[in-house]
Amino acid sequence: MYKINENYLKLPGSYLFSTIGKKVGEYKTANPDKDIISLGIGDVTLALAPVVIQALHGAVDEMANAETFKGYAPDLGYEFLRSAIAKNDYKARGVDIDIDEIFISDGAKSDSGNIGDIFSNDNKIAVCDPVYPVYVDTNAMAGRTGDYVESTGKWSNVVYMPCTAETNFAPEIPKETPDIIYLCFPNNPTGSTITKTELQKWVDYALESGAIIIYDAAYEAYISEEDVPHSIYECEGAKKCAIEIRSFSKNAGFTGTRLGFTVIPKDIKSDGTMLNSLWARRHGTKFNGAPYIIQKAGAAIYSEEGKKQTKDMVAYYMNNAKMICEELKNAGYNVSGGINAPYIWLKTPDNMTSWEFFDRLLENANVVGTPGSGFGPSGEGYFRLTAFGSYENTKKALERIKNL
Ligand code: PLP
């Protein structure tokens, strides 16, 4: 008689975005003539850059010819892409990463979820609160988080690191020492970042305590401030204690095209075992490789033209972010984020809960956002707006919010 993984049964009810979808769907059915604008999407909306489209066409043509056809991709990914990453994402910032420390994947969501495979279930994880829900949910699926406690919105065996207005939306070193620390900067949903000096403290703490940091840098391209690190490896010692996860989704629009990578330096060892080897084994066994066509498209963003075009895409979204921050501040809202990230973190007015504000925005302004409580208990009383919409819709949505 087969048995299921009962850890899945412990996951709370419905996923945040399906609850939002249901609420918006019901409102639309009852009000078919209303023009609803979403400032809640975590997805990009601009088309892929011309260099990417050109590379895709070129790679398809290669597949059409037996001489240039490509079958299974190398386990770690094609060398042309790993070399471009090592050179442009790391070397250019003074960081030496070997190409066999880079693992090409189908995106940061998969990697941040799957990385748990190489760790024992005895590890205790620590997460920022609020944060991208994938870290906790995938650890819950693995059976590492204890039980979900409805009344607190927390798992019994997770160290939560509150990121509140008092801490400038950054985590503080926890009192209880965890084994695996998930950090995400720039952060989803708060849009917050930490300086290199602050990040160095986390690296030092991991080295002293024997913990490992899983650093999600999916929004690295949005960093505009000088003292904010683009990679955790800019910190001394990080190559001994940190895994970094990156994505092509938010910098180059690959949310539907799918491409990302994880860096596992060979210096990270547990009792002499290289984590790099474990992940290579896992990658080779459980992952079929990102398609050649997609890896070619990814490499195109590192050409001079590609860099310019993707920079323009990020600038477009960040212009929206700036507009959201300015207009809402002028209207008396308390906002943060939006400077190094496409996310704006809004304190709900009139002491409303996150979901009460969601309903008010949907019903009175026909604008959809994301309740902060969906990202962790410390997100209650906050609301996430995103800059990924069109300039015109963002402007229209802001007019409506200002007139609430
Ligand atoms: N990491 C963070 C913090 C995210 O917010 C997201 C998507 O919203 C991802 C990873 C997913 O990235 P990808 O599209 O590469 O799977």
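Residues numbered from 1 in each chain as written. Predicted model: local features only at pLDDT ≥ 70, side-chain atom pairs only at ≥ 80, totals over all residues. Heavy atoms only, no water.

Student: Explain the domain arrangement of the protein chain to me, using residue names and the numbers behind them.
Tutor: The assigned domain composition of the protein chain is domain 1 (12-47 + 307-402) and domain 2 (53-304). Relative placement of domain 1 and domain 2: their C-alpha centres are 25 Å apart. Listed as interface residues are 28 residues of domain 1 and, on the opposing side, 38 residues of domain 2. In total, about 2,700 Å² of surface goes out of reach between domain 1 and domain 2, with carbon and sulfur atoms giving 59% of it. In terms of surface lost to domain 2, no three residues of domain 1 exceed Lys307, Asn340 and Phe375, which account for 26% of the buried area on that side. For the interface between domain 1 and domain 2, the tally reads 14 residue pairs in polar contact (both at pLDDT 80 or more). Of all the secondary-structure elements, those providing two or more residues to the side of domain 1 that touches domain 2 are α10 (304-330), β13 (335-337), β14 (343-347) and β17 (382-386). When residues of the side of domain 1 that touches domain 2 are assigned to their parent elements, the largest contribution, 7 residues, is made by α10. By residue class, the composition of the side of domain 1 that touches domain 2 is 15 nonpolar, 9 polar and 4 charged. (Domains from an automatic or database assignment. Contact = heavy atoms within 4.5 Å. Buried area = accessible area lost by both parts, 1.4 Å probe. Polar contact = N/O pair within 3.5 Å; in protein donor to acceptor, adjacent residues only side chain to side chain. Helix = DSSP H or I, 4+ residues; strand = E, 2+ residues; numbered from the N terminus. Nonpolar A, V, L, I, M, F, W, Y, C, P; charged D, E, K, R; others polar.)

Student: Give a detailed account of the environment of Ala321, specifying residues and quantitative values.
Tutor: Topologically, Ala321 is positioned in helix α10. A sequence separation of 224 residues divides Ala321 from Ile97, and the C-alpha atoms of the two residues are 32 Å apart. Look past the residues within four positions of Ala321 in its chain and what remains in contact with it is Gly338, Ala341, Ile344 and Ala387.

Student: I'd love a proper account of the pattern of salt bridges, names of residues and values included.
Tutor: Enumeration over the complete set of coordinates arrives at 22 salt bridges. The residue Arg246 makes a salt bridge to Asp89 at a minimum N-O spacing of 3.7 Å. You can see Arg246 sitting in strand β9 (residues 242-247) and its partner Asp89 sitting in helix α3 (residues 79-90), a full 157 residues away along the chain. Measuring nitrogen to oxygen at the nearest pair gives 3.5 Å for the salt bridge that ties Lys307 to Glu304. Residue Lys307 and its partner Glu304 are located together in helix α10, separated by 3 residues, close to a single helical turn. In this structure Lys307 comes out as partly exposed when scored by relative accessible area, which is 33%. (Salt bridge = Lys/Arg side-chain N within 4 Å of Asp/Glu carboxyl O. Buried < 20%, exposed > 50% of the residue type's maximum accessible area, 1.4 Å probe, protein only.)

Student: Hey, could you go over the sheet that holds strand β10 (residues 260-263) for me, with residue numbers and the actual values?
Tutor: Taken in spatial order, the 7 strands of this open sheet run β2-β10-β9-β8-β7-β3-β6, and their pairing is mixed. Both edges of this open sheet fall to β2 (102-105) and β6 (158-162), since each of them pairs with a single strand only. Between one strand axis and the next, the sheet turns through 20° on average, direction left out of account. As paired strands, β9 and β10 are joined by 4 bridges and run antiparallel to one another. When the bridges of β10 are listed, Arg246 appears paired with Phe261. Here helix α8 (residues 275-286) sits on the sheet and contacts β2, β8 (212-216), β9 and β10; the angle it forms with β2, its principal contact strand, is near 25°. (Pairing = 2+ DSSP bridges. Axes fitted to C-alpha atoms, helices over the stretch in contact; angles between N-to-C directions.)

Student: Give me the lowdown on the nonpolar core, citing residues and values where you can.
Tutor: Counting 81 residues, the largest nonpolar core has Leu183 and Ile213 as its most contacted members. Excluding residues within four positions of it along the chain, Ile213 makes contact with Ile181, Leu183, Trp202, Val203, Ala206, Ile232, Cys241, Ala242 and Ile243. (Core = buried A, V, L, I, M, F, W, Y, C linked by side-chain atoms within 4.5 Å.)

Student: Break down unusual backbone geometry for me, citing the residues and quoting the values.
Tutor: Put simply, Phe185 and Pro186 share a cis peptide bond, and its omega is -10°. In this structure, Pro186 sits in the loop between β7 (180-184) and α6 (196-209). In this structure, the amide linkage connecting Asn188 to the following residue, Pro189, adopts the cis form with an omega of 20°. On the secondary structure map, Pro189 appears in the loop between β7 and α6. Positive phi values are uncommon outside glycine, yet Arg258 reaches one of about 75°. With respect to the helices and strands, the residue Arg258 is situated in the loop between α7 (249-252) and β10. For Arg258, a relative accessible area of 28% gives the class partly exposed. Although it is not a glycine, Asn366 adopts a positive phi angle of roughly 55°. Along the chain, Asn366 falls in the loop between α11 (354-365) and β15 (367-368).

Student: How would you sum up the packing of α10 against helix α12 (residues 391-402)? Please name residues and give values.
Tutor: It is the contact of α10 with α12, at a shortest axis distance of 10 Å, that shows an interaxial angle of 10°. Comparing the axis directions of α10 and α12 gives the class roughly parallel. Along its contact with α10, which presents Tyr316, Asn319, Asn320, Met323, Ile324, Glu327 and Leu328, the element α12 presents Tyr391, Glu392, Thr394, Lys395, Leu398, Glu399, Ile401 and Lys402. For the contact of α10 with α12, the class distribution of residues is 7 nonpolar, 3 polar and 5 charged. (Parallel < 35°, antiparallel > 145°, perpendicular 65-115°, else oblique.)

Student: Which residues make up the site of the ligand, and what values do they have?
Tutor: Taken together, 14 residues lie near the ligand, and Asp216, Tyr219, Ser247, Ser249 and Arg258 sit nearest. In this structure, an oxygen atom belonging to the ligand sits 2.6 Å away from a side-chain N or O atom of Ser247. Compared with its free state, where it exposes 400 Å², the ligand has 92% of that area covered by protein. (Near = heavy atom within 4 Å. Areas by Shrake-Rupley, 256 points an atom, 1.4 Å probe, with all protein chains shown as cover.)

Student: Can you break down helix α2 (residues 50-63) residue by residue, with the values?
Tutor: If you check α2, its first and last C-alpha atoms are 20 Å apart, about what 14 residues at 1.5 Å a residue would give, namely 20 Å. Listing the buried residues of α2 in full gives Val51, Val52, Ala55, Leu56 and Ala59. Each buried residue of α2 sits inside an arc of 135° when the element is viewed along its axis, so together they form one side. Of the residues in α2, the exposed ones pointing more than 90 degrees away from the buried face are Pro50, Gln54, His57 and Asp61. Each element contacted by the buried residues of α2 is listed here: α9 (292-299) and α10. (Expected span 1.5 Å × (residues − 1). Arc of directions from axis to C-beta.)

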